[in-house]
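# Structure assessment
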2 protein chains.
Amino acid sequence: MRDQNPVKDMQRAELARRTGCNLETVRYYEKVGLLPAPPRTAKGYRRYDSGHERRLRFVMRARELGFSLDEVRALLKLVDERDQPCAEASRLASLHLAQVRAKIGDLQRMEAALSEAIARCGDGARPVCPLIEALSREEHGAEQLIVAPDAPANDGSGAGNKARRLAYG
Amino acid sequence: MRDQNPVKDMQRAELARRTGCNLETVRYYEKVGLLPAPPRTAKGYRRYDSGHERRLRFVMRARELGFSLDEVRALLKLVDERDQPCAEASRLASLHLAQVRAKIGDLQRMEAALSEAIARCGDGARPVCPLIEALSREEHGAEQLIVAPDAPANDGSGAGNKARRLAYG
DNA sequence: CCTTGACCCTGTAGTTACTACAGGCCTTAG
DNA sequence: CTAAGGCCTGTAGTAACTACAGGGTCAAGG
């Protein structure tokens, strides 16, 4: 049951439907080189087969694991070149895992700061909102709560600091 | 020590330096309405004072907590309109907190799937890479591992599913 | 035969939150 | 007087899509 229903000559809509991928995204992935350009009919219609479907599913799964398109490209290259890709794949995934863990840490610091601030608001009947005050304070802002303990709050360079942004999505 | 060094008539570079904000970002925040347009000199140069600095710091702290610019705008409106903002601020923060927690959950599922896959690679000397195989499998892809247990993997609509994307940054 | 609707094609513009120029004016120190 | 540094504007670039507009193609029904 490798290919439970091997299909030749699908159109884009069917490929999208079968994979759950957005229709436009299929074309986008072709444009940016993640999907090979499929053959065309005489009138220029794309014709996909199950090879394309497999490729697209690979890309989608890697995306679901949070790999960037550049990282997915690197993984696909490993798939295609296929000489002992395991060490390199493991390295790429480990790098990515480190980024995922860093983001989790950042978000957990945000979570702690937010839930503390919300707790201080209580039932919301305060005349002066502690949440807004926390954001307004001059001396010790939210950054004291959420910046990683070993990272200096401000290196003075002004531009280009916060290489790892704390604000996601 | 509210305003440890109240300053009038700074230029953009000084405001940026004092707050750690990127120079261009200051102008950007003005353009999108997060900072009020400051008065100008005869030659059109912006002149900021400590009120602008306070405002900018507020925005920066809210961003560090992961609030979107729209959310920051809503918080600023509460600051400005100031009639019992506590309940509303608390509501906004709670909504945001829920999003943060959802992202943490997503990232933790990614983390689990990634570390499991990496572990299966071992020392990377496998001839067939389990990581790449996991991404290539037809039947049970990574989505089985990382999609929330109560969320259907594919609702069949094709477009517009995965309202909450699993891939961040 | 014609029409209707569902596809298909291309290219472009929108999204978020910035960041980085290019091209030109202004100010100040040497 | 000139060179270096500020400032101004507007635009274009980033990631990863998403959504049109404007037009062509194709199969089925009347």
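As a convention, each chain's residues are numbered from 1 in the sequence order in which they are written. Think of it this way: whatever chain is written first is A, whatever ligand is written first is 1, and the rest follow in order. At least 70 in pLDDT is required for a residue's local features to be given in this predicted model, at least 80 for side-chain atom pairs to be given and counted, and no such filter applies to totals for whole chains, interfaces and linings, which use all residues. Where side-chain values are given, they derive from all heavy atoms of the structure, hydrogens and water being excluded.

Below, the discussion takes up the overall build of chain A. Only DSSP runs of H or I reaching four residues or more are called helices, and only runs of E reaching two or more are called strands; each is numbered from the N terminus. When helices and strands are tallied, chain A shows 7 helices and 0 strands. When its helices and strands are written in sequence order, chain A yields α-α-α-α-α-α-α. Here chain A, with 169 residues, has 45% of them falling under the buried criterion. Any two residues whose heavy atoms approach within 4.5 Å at even a single point are treated as in contact. Excluding contacts between residues fewer than 6 apart, the proportion of contacts in chain A whose partners are at least 24 apart in sequence is 51%. When accessible area is computed with a 1.4 Å probe and restricted to protein chains, residues below 20% of their type maximum are described as buried, those above 50% as exposed, and intermediate ones as partly exposed.

What makes a residue near a molecule or strand is one non-hydrogen atom of that residue sitting within 4 Å of it. Around DNA strand D, the structure places 20 residues, and the nearest of them are Thr 25 and Arg 63 of chain A together with Arg 12, Arg 27 and Arg 46 of chain B. Polar contact is defined as a pair of N or O atoms within 3.5 Å, subject to the rule that within protein one atom must be able to donate a hydrogen and the other to accept it, and that residues adjacent in sequence are counted only when both atoms are side-chain atoms. One of the side-chain N or O atoms of Arg 63 of chain A is found 2.7 Å from a phosphate oxygen in DNA strand D. In the model, a phosphate oxygen of DNA strand D is placed 3.2 Å from a nitrogen or oxygen of the Arg 40 of chain B side chain. Contributions of two or more residues to the surface near DNA strand D are made by α2 (23-31) of chain A together with α1 (12-19) of chain B.

Turning our attention to the side chain of Glu 71 of chain B. Residues and elements named next belong to chain B. With respect to the secondary-structure elements, Glu 71 resides in helix α4 (residues 69-81). His is not counted, nor are the chain ends; Lys and Arg add positive charge and Asp and Glu add negative charge. Salt bridges are defined by distance alone: a side-chain nitrogen of Lys or Arg within 4 Å of a carboxyl oxygen of Asp or Glu. Comment: no salt bridge for buried Glu 71; closest opposite-charge side chain is Arg 63, at 6.6 Å. A polar side-chain atom of Glu 71 sits 2.7 Å from the main-chain amide nitrogen of Ser 68. When near neighbours in sequence (up to four residues on either side) are disregarded, Glu 71 contacts Gly 66, His 96 and Gln 99.

With that out of the way, let us pick up the protein's contact with DNA strand C. Around DNA strand C sit 19 residues, and of these Gln 11, Arg 12 and Arg 27 of chain A together with Thr 25 and Arg 63 of chain B come closest. Taking the atoms of DNA strand C that fall within 4 Å of the protein, sugar and phosphate contribute 74% of them. Between DNA strand C and Arg 27 of chain A, the relevant distance is 2.5 Å, taken from a base oxygen to a side-chain nitrogen or oxygen of the residue. For DNA strand C, a phosphate oxygen lies 2.8 Å from a polar atom in the side chain of Arg 46 of chain A. If you list the elements that add at least two residues to the surface near DNA strand C, you get α1 (12-19) of chain A together with α2 (23-31) of chain B. Tallying contributions element by element places α2 of chain B first for the surface near DNA strand C, with 4 residues. Residue composition of the surface near DNA strand C, by class: 6 nonpolar, 5 polar and 8 charged. Any residue that is not Ala, Val, Leu, Ile, Met, Phe, Trp, Tyr, Cys, Pro, Asp, Glu, Lys or Arg is counted as polar, Gly included; the first ten are nonpolar and the last four charged.

For the rest of this paragraph, the subject is the packing of α4 of chain B against helix α5 (residues 86-121) of chain B. Residue and element names in this part refer to chain B. Helix axes use the C-alpha atoms of the stretch in contact, all axes being lines fitted to C-alpha atoms, and the angles between their N-to-C directions lie in the range 0 to 180 degrees. At a minimum axis separation of 10 Å, α4 and α5 run at an interaxial angle of 165°. Comparing their axes, α5 and α4 come out roughly antiparallel. Note that α4 runs across α5; the crossing there is left-handed. Counting all contacts with α4, which are made through Glu 71, Ala 74, Leu 75 and Leu 78, the residues of α5 involved are Glu 88, Ala 89, Leu 92, His 96 and Gln 99. Oblique is the label for any angle not covered by the other classes, which are roughly parallel (under 35 degrees), roughly antiparallel (over 145) and roughly perpendicular (65 to 115). Crossings are classed by handedness, with left-handed meaning an anticlockwise turn of the near helix from the far one by less than a right angle and right-handed meaning a clockwise turn.

Here we take up α1 of chain B. Residues and elements named next belong to chain B. When we look at burial in α1, the residues that qualify are Leu 15, Ala 16 and Thr 19. The buried residues of α1 all sit within an arc of 100° when viewed along its axis, so they share a single face. Those residues of α1 hidden inside the fold are in contact with α2 and α3 (50-64). Just past α1, the residue Gly 20 takes up positive phi, approximately 80°. The arc in question is the one spanned by the directions pointing from the helix axis to the C-beta atoms.

In this section: α2 of chain B. Residue and element names in this part refer to chain B. For α2, the complete set of buried residues consists of Val 26, Tyr 29 and Glu 30. All buried residues of α2 fall inside an arc of 105° around its axis, so they share one side. Next to the buried residues of α2 lie α1, α3 and α4. The residue sitting at the N-terminus of α2 and contributing the capping side-chain oxygen is Asn 22; that oxygen lies 2.7 Å from the backbone nitrogen of Glu 24. Remark: Gly 33 follows α2 within two positions and exhibits a positive phi of approximately 85°.

The next subject is the pattern of salt bridges. Considering all chains together, one arrives at 24 salt bridges over all chains under this definition. Notably, a salt bridge pairs Glu 53 of chain A with Arg 57 of chain A, separated by 2.8 Å at the nearest N-O pair. With Glu 53 of chain A and Arg 57 of chain A both in helix α3 (residues 50-64) and 4 residues apart, the pair spans about one turn of that helix. The class of Glu 53 of chain A is buried, set by a relative accessible area of 4%. The partner of Glu 111 of chain B in a salt bridge is Arg 101 of chain A, with the nearest N and O atoms 2.6 Å apart.

Residues and elements named next belong to chain A. Only the six-membered ring of Trp is used, alongside the rings of Phe and Tyr, when aromatic pairs are assigned; centres must lie within 6.5 Å, and planes under 30 degrees apart are stacked while those over 60 apart are edge-to-face, with the rest tilted. Summed over the entire model, instances satisfying the criterion amount to 2 aromatic pairs over all chains. Residues Tyr 28 and Tyr 29 carry aromatic rings whose centres are separated by 6.0 Å and whose planes lie at 45° to one another, so their mutual orientation is tilted. Look at Tyr 28 and you get partly exposed, because its relative accessible area is 38%.

Looking now at the environment of Leu 56 of chain A. Residues and elements named next belong to chain A. Turning to its location among the elements, Leu 56 is positioned in helix α3. Take Leu 56: its relative accessible area is 0%, and that puts it in the buried class. Each C-alpha atom of the pair Leu 56 and Leu 15 lies 8.9 Å from the other, and the pair is 41 residues apart in sequence. In this structure Leu 56 touches Leu 15, Thr 19, Cys 21, Val 26, Tyr 29 and Leu 35, once residues within four positions along its chain are discounted.

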